[in-house]
Amino acid sequence: AMIGRAAIGNPWIFSEAETNPPSRDIIIQTIFEHLDLSLSHYGVQNGLFFFRKHLKQYLKLLNLGSETQLTGLTISDHQKLITWLKGVGRSNGYF
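Residues numbered from 1 in each chain as written. Predicted model: local features only at pLDDT ≥ 70, side-chain atom pairs only at ≥ 80, totals over all residues. Heavy atoms only, no water.

1. Describing the packing of helix 2 (residues 24-42) against helix 5 (residues 78-91)
- Running from amino to carboxyl end, helix 2 crosses helix 5 at an angle of 175°, the nearest separation of the two axes being 12 Å. Looking at the two axes, helix 2 sits roughly antiparallel to helix 5. In this structure, helix 2 uses Ile-31, Phe-32, Leu-35 and Leu-39 to contact helix 5, whose residues at the interface are His-78, Leu-81, Ile-82, Leu-85 and Lys-86.
- For the contact of helix 2 with helix 5, the class distribution of residues is 7 nonpolar, 1 polar and 1 charged. (Axes fitted to C-alpha atoms, helices over the stretch in contact; angles between N-to-C directions. Helix = DSSP H or I, 4+ residues; strand = E, 2+ residues; numbered from the N terminus. Parallel < 35°, antiparallel > 145°, perpendicular 65-115°, else oblique. Contact = heavy atoms within 4.5 Å. Nonpolar A, V, L, I, M, F, W, Y, C, P; charged D, E, K, R; others polar.)

Shown next, in the form of structure tokens:
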């Protein structure tokens, strides 16, 4: 259980990334891949629900402010979340 909790928002825990943190590009890419997998596995409604706990940790890794994080975590439509993530990424110079 302890290892599982440490892996939330940090899928790199068992790799060399533990000593070399992942780049912003890798974090963003992982967010989109993880969201897609979650939606595919659990369905849209449950997938988005279960993904949020991971998203919170990913957003912390990107050093986004708490208000920005809260905005992303309260979006209830997966397409709007994808659009928001792309907008946040562009406005913060991630891509």
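2. Digging into a nonpolar patch on the surface
- There is a patch of nonpolar side chains on the surface, built from Tyr-42, Phe-49 and Phe-50 and spanning about 330 Å² of accessible area.
- Topologically, Phe-50 is positioned in helix 3 (residues 44-61). (Patch = residues over 30% accessible without salt bridge, like charges linked within 9 Å, V, L, I, M, F, W, Y side chains within 5 Å. Areas by Shrake-Rupley, 256 points an atom, 1.4 Å probe, with all protein chains shown as cover. Salt bridge = Lys/Arg side-chain N within 4 Å of Asp/Glu carboxyl O.)

3. Section: unusual backbone geometry
- A positive phi angle, near 60°, is found at Asn-63, a position not held by glycine.
- Residue classification places Asn-63 among the exposed positions, given a relative accessible area of 67%. (Buried < 20%, exposed > 50% of the residue type's maximum accessible area, 1.4 Å probe, protein only.)

4. Quick look at helix 5
- Spanning 14 residues, helix 5 covers 20 Å between terminal C-alpha atoms, matching the ideal 20 Å at 1.5 Å per step.
- Those residues of helix 5 that fall on the buried side of the exposure criterion are His-78, Leu-81, Ile-82, Trp-84, Leu-85, Val-88 and Gly-89. Here the buried residues of helix 5 occupy an arc of 165° about the axis, which is enough to place them on one side. Exposed side of helix 5, more than 90 degrees from the buried face: Lys-80, Thr-83, Arg-90 and Ser-91 are the residues found there.
- Against the buried residues of helix 5 lie helix 2, helix 3 and helix 4 (66-73).
- The residue sitting at the N-terminus of helix 5 and contributing the capping side-chain oxygen is Asp-77; that oxygen lies 3.1 Å from the backbone nitrogen of Gln-79.
- Downstream of helix 5 by one or two residues, Gly-93 has phi in the positive range, about 75°. (Expected span 1.5 Å × (residues − 1). Arc of directions from axis to C-beta. Polar contact = N/O pair within 3.5 Å; in protein donor to acceptor, adjacent residues only side chain to side chain.)

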